[in-house]
Amino acid sequence: MTNKSIAKRDLDVLWHPCTQMKDHEFLPMTPIKSGKGVWLEDFDGNKYIDAIASWWVNIFGHVNPYISSKIKEQVDTLEHVIIAGFTHEPIVRLSERLIKLAPKGLSRCFYADNGSSAVEVALKMSYHAHKNSGLEKPLFVSLSNSYHGETIGALSVGDVELYKDTYGPLLIACVQTPVPKDLSEEAAITAAHSFEELLKERADEISALIVEPLVQGAGYMHMYHPLYLKLAKDLCEKYKIHFIADEVLVGFGRTGTLFACEQADITPDFLVLSKGITGGYLPLSVVLTGDEIYQKFYCDYGLNKAFLHSHSYTGNALACAAANATLDIFENDNVIENNKKTAAYMANHLSRFKDLNNVKEVRQTGMIAAIELKGYAPEKRIGLKVYEYALSKGVLLRPLGHIVYFMPPYIINEAEMDLMFNTAYEAIVGLPEGE
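Residues numbered from 1 in each chain as written. Predicted model: local features only at pLDDT ≥ 70, side-chain atom pairs only at ≥ 80, totals over all residues. Heavy atoms only, no water.

A. Focus on the sheet that holds strand E13 (residues 359-365). Strands sit in the order E13-E14-E16 across an open sheet of three strands; the sheet is antiparallel. The open sheet has two free edges, formed respectively by E13 and strand E16 (403-406), since each of these has just one partner strand. Averaged over all neighbouring strand pairs, the angle between strand axes comes to 15°, with direction disregarded. Two strands pair when backbone bridges link them, and strand E14 (residues 368-373) and E16 are joined in this way by four bridges, in the antiparallel orientation. Paired with glutamate 372 across the bridge in E16 is isoleucine 403. Strands E13, E14 and E16 of the sheet are contacted by helix H12 (residues 335-350), whose axis makes an angle of about 170° with E13. (Pairing = 2+ DSSP bridges. Helix = DSSP H or I, 4+ residues; strand = E, 2+ residues; numbered from the N terminus. Axes fitted to C-alpha atoms, helices over the stretch in contact; angles between N-to-C directions. Contact = heavy atoms within 4.5 Å.)

B. A look at helix H14 (residues 414-429). Under the 1.5 Å per step criterion, the end-to-end length of H14 is 22 Å for 16 residues, consistent within 8% with the ideal 22 Å. Of the residues making up H14, those classed as buried are Glu416, Met417, Met420, Phe421, Thr423, Ala424, Ala427 and Ile428. One face of H14 carries all of its buried residues, which in axial projection span an arc of 155°. Its side-chain oxygen 3.2 Å from the backbone nitrogen of alanine 415, asparagine 413 forms the N-cap of H14. (Expected span 1.5 Å × (residues − 1). Buried < 20%, exposed > 50% of the residue type's maximum accessible area, 1.4 Å probe, protein only. Arc of directions from axis to C-beta. Polar contact = N/O pair within 3.5 Å; in protein donor to acceptor, adjacent residues only side chain to side chain.)

C. Up close: the packing of helix H3 (residues 65-75) against helix H11 (residues 317-332). One can describe the packing of H3 onto H11 by two numbers: an axis separation of 9 Å at closest approach and a directional angle of 145°. You can see that H3 and H11 cross each other, and the crossing is right-handed. From H3, Tyr66, Ile67, Lys70, Ile71, Gln74 and Val75 reach across to H11, where they touch Ala317, Leu318, Ala321, Ala322, Ala325, Thr326, Asp328 and Ile329. When the residues that make up the contact of H3 with H11 are grouped by side-chain class, the tally is 10 nonpolar, two polar and two charged. (Left-handed = near helix turned anticlockwise from the far one by under 90°. Nonpolar A, V, L, I, M, F, W, Y, C, P; charged D, E, K, R; others polar.)

D. Fine view of the packing of aromatic side chains. Counted by the stated rule, this structure contains 12 aromatic pairs. Measuring from centroid to centroid gives 5.8 Å for tyrosine 224 and tyrosine 228, while their planes differ by 90°, and the two rings are edge-to-face. Taken together, a centroid distance of 4.5 Å and an interplanar angle of 40° make the contact between phenylalanine 406 and phenylalanine 421 tilted. Here phenylalanine 421 lies in helix H14 and phenylalanine 406 lies in strand E16, a separation of 15 residues in the sequence. Accessibility expressed as a relative area gives 0% for phenylalanine 406, which makes it buried. (Phe/Tyr/Trp six-rings, centres within 6.5 Å; stacked < 30°, edge-to-face > 60°.)

E. Highlighting the pairing of strand E5 (residues 139-143). In terms of burial, E5 is a largely internal element, five of the five residues being buried. The alternating pattern of E5 places Leu139, Val141 and Leu143 on one face and Phe140 and Ser142 on the opposite face, and all of these are buried. Pairing analysis gives four bridges linking E5 to strand E7 (residues 206-211), with the strands arranged parallel. Across the sheet, leucine 139 pairs through a bridge with isoleucine 206, a residue of E7. Where E5 lies against strand E6 (residues 174-177), four bridges are found, and the strand directions are parallel. Residue pairing for E6: serine 142 is matched across the bridge by glutamine 176.

F. Representation of unusual backbone geometry within the structure. Phi is positive for asparagine 145, close to 75°, though the residue is something other than glycine. Assignment of secondary structure puts asparagine 145 in the loop between E5 and helix H6 (152-156). Under the relative-accessibility criterion, asparagine 145 is labelled partly exposed at 23%. A positive phi angle is found at lysine 275, which is not glycine, with a value near 40°. Position of lysine 275 among the secondary structure elements: in the loop between strand E11 (270-273) and strand E12 (285-289). Look at lysine 275 and you get partly exposed, because its relative accessible area is 24%.

G. Region of interest: the pattern of salt bridges. Inspection of every chain in the model, using the stated rule, returns 18 salt bridges. Glutamate 25 is paired through a salt bridge with lysine 22; the nearest N and O atoms lie 3.3 Å apart. Exposure class is identical for glutamate 25 and lysine 22. Each is exposed. Residues lysine 200 and glutamate 197 are paired through a salt bridge, measuring 3.2 Å at the closest nitrogen-oxygen approach. Of this pair, lysine 200 and glutamate 197 both sit in helix H8 (residues 185-202), three residues apart, roughly one helical turn. Among the charged side chains, a network of salt bridges with common partners joins Lys360, Glu361, Arg363 and Glu372. (Salt bridge = Lys/Arg side-chain N within 4 Å of Asp/Glu carboxyl O.)

H. The packing of helix H13 (residues 382-392) against H14, seen in detail. As a packed pair, H13 and H14 sit with axes 9 Å apart at the nearest point and diverge in direction by 135°. Comparing the axis directions of H13 and H14 gives the class oblique. Judged by the sense of rotation from one axis to the other, the crossing of H13 with H14 is right-handed. Side by side, H13 and H14 meet where Val386, Tyr389 and Ala390 of the first sit next to Thr423, Glu426 and Ala427 of the second. Taken together, the residues of the contact of H13 with H14 sort by class into four nonpolar, one polar and one charged. (Parallel < 35°, antiparallel > 145°, perpendicular 65-115°, else oblique.)

The values reported here are purely geometric and, on their own, carry no functional implication.
Here is the structure:
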């Protein structure tokens, strides 16, 4: 088999996500045969550094020996069982561990199988909890420029036009409040004031505020100060609305702490987790909440207060085994401290991009780095040019429009980072002049 033969078969039968399929009339598909560590290898023997952790999920490398071994152990014991009236040891152990690691006060785990689905769980749970208290609060608030997924409810609370505009008539009620404009404390305070003005007018109809803590992923890797989280959480408590922390992207060490909320010392009413939870192996997501919310649904049968939400693969035993193995690595390998060293090395590389004429801004939060280009009209598809150049040099980058970002697996070494950043530098330097 070759890249060409697999690509032809693919284009005869597949419809790929976040893709204009007509592009593949000129843009070759890249079939991957295998992976190991930070590397992917295609059918023609070409290798690529996975600089984006395969959509931000693969935190400990491809075919990680330890995670693989734990899944293999589990597959011969129990692959899946209904999580309604039944349970299994891996999901109980995972839940115990997550509660121990999460911000204080989160004591219950509700599972789904991807980030968008978990966001939907949190939204429904928030609305229903208010309803069970006799309140009708159908409105949600999110930050401007936010992204929370692409199912209908998750899409509703996002604010990236590219994903949202087409489906406007289908969406649930949501309004935006300004995201802090930059990483300064002053911007955080200004944004919090705007949020309070909204609450003064509409708190009685608002169910929850949902935020991506510290970094807005699909929102072009926009970053802001942890102070905003603290101020926003205080306002939510003052005006009696819920605070939903969507840590699908930023959870599990990506921002420098295990959970981004730790940097503001807050406990959200709902903590949404997915992506890195299984080390990139299997779909799994979870919403953590506290006993105050849980008790609002705890009642005798017939009172119509139960949270009747389910997914067929909720709490899949293989996925839970992968998640437990992922947490083992965090416990045993000093991951957070090692990530700080890696982030510092990334920062050294990033500094040289700041003086390029076509670079507007360079920003970083933990092991998320972004380079914002300037002077290019959207129709020039400048990100595609970076993607194609980097791929030709053995690096998988997938820019968000004019944002070139880096989110590699945590196990990346210095030589691999050198190749990753040097390739990106060459790609950016080699771009045509802007408009």
